[in-house]
Amino acid sequence: TACGESAPPFIDNGNPGQIKAVVFFDDNQNGIIDGSETGAPSHRLALADQVGCVSSTGALNFVPTDPNGAVIFSNLKPGRYCVDNGYKTTTRLNLDAYVSSDMITTVYFGVIKDP
């Protein structure tokens, strides 16, 4: 869901969860990762832990994606987080991710290759 939309259910049994964020080159710009589209390395993503895509520390800490276009945010308390992409996307710029205990929530960002 996009930041600000209603929350799906999530499970909190006291254990942490994870968010896997994937940035991919959206060659056909349809906002969906298709079979031939690949991950976008070295794109920066940040994680905010409060409603409205604002970090509780007041600043977003951007980290680069790996060679496959992924970032894993681990050891997260179950609840709502907002993943922020610092690039022009073919998907939404910010995506809510609801973390459940012992699970990995995956979100995808499509980007256009630089010419």
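As shown above, the structure is provided for reference.
Summary of the structure given here.

1. Let's talk about the overall build of the chain
Argument step 1. Scanning the chain from terminus to terminus reveals zero helices and seven strands.
Argument step 2. Element order for the chain, N to C, with α for helix and β for strand: β-β-β-β-β-β-β.
Argument step 3. Burial statistics for the chain: of 115 residues in total, 39% are counted as buried.
Argument step 4. When contacts within the chain are restricted to residue pairs at least 6 apart in sequence, those whose partners lie at least 24 apart make up 62%.
Argument step 5. In the form shown here, the chain has an accessible surface area of approximately 6400 Å², with 52% of it arising from carbon and sulfur atoms.

2. Examining the pattern of salt bridges
Argument step 1. On inspection of all chains with the given rule, the structure shows two salt bridges.
Argument step 2. Here K113 and D27 are joined by a salt bridge, their closest N and O atoms 4.0 Å apart. Taken together, the residues span a long stretch of sequence, with K113 in the segment after strand 7 (104–111) and D27 in the loop between strand 1 (17–25) and strand 2 (44–48) at a distance of 86 residues.
Argument step 3. Residue class for K113 comes out partly exposed when judged on its relative accessible area of 45%.
Argument step 4. With a shortest N-O distance of 2.7 Å, R80 and D96 are connected by a salt bridge. With R80 in strand 5 (residues 79–85) and D96 in strand 6 (residues 94–99), this pair connects stretches of sequence that are 16 residues apart.
Argument step 5. Looking at R80, the relative accessible area reads 22%, which means it is partly exposed.
Argument step 6. Take D96: its relative accessible area is 4%, and that puts it in the buried class.

3. Some remarks on the sheet that holds strand 4 (residues 70–76)
Argument step 1. Spatial strand order, 4-1-7: three strands in an open sheet with mixed pairing. If you trace the sheet from one side to the other, it starts and ends with strand 4 and strand 7, each paired once. Adjacent strand axes in the sheet meet at a mean angle of 15°, parallel and antiparallel pairs treated alike.
Argument step 2. Two elements, strand 1 and strand 4, share five bridges in a ladder whose sense is antiparallel. Counted as the bridge partner of G17 is L76 from strand 4.

Parameters at a glance
Residues numbered from 1 in each chain as written. Predicted model: local features only at pLDDT ≥ 70, side-chain atom pairs only at ≥ 80, totals over all residues. Heavy atoms only, no water. Helix = DSSP H or I, 4+ residues; strand = E, 2+ residues; numbered from the N terminus. Buried < 20%, exposed > 50% of the residue type's maximum accessible area, 1.4 Å probe, protein only. Contact = heavy atoms within 4.5 Å. Areas by Shrake-Rupley, 256 points an atom, 1.4 Å probe, with all protein chains shown as cover. Salt bridge = Lys/Arg side-chain N within 4 Å of Asp/Glu carboxyl O. Pairing = 2+ DSSP bridges. Axes fitted to C-alpha atoms, helices over the stretch in contact; angles between N-to-C directions.

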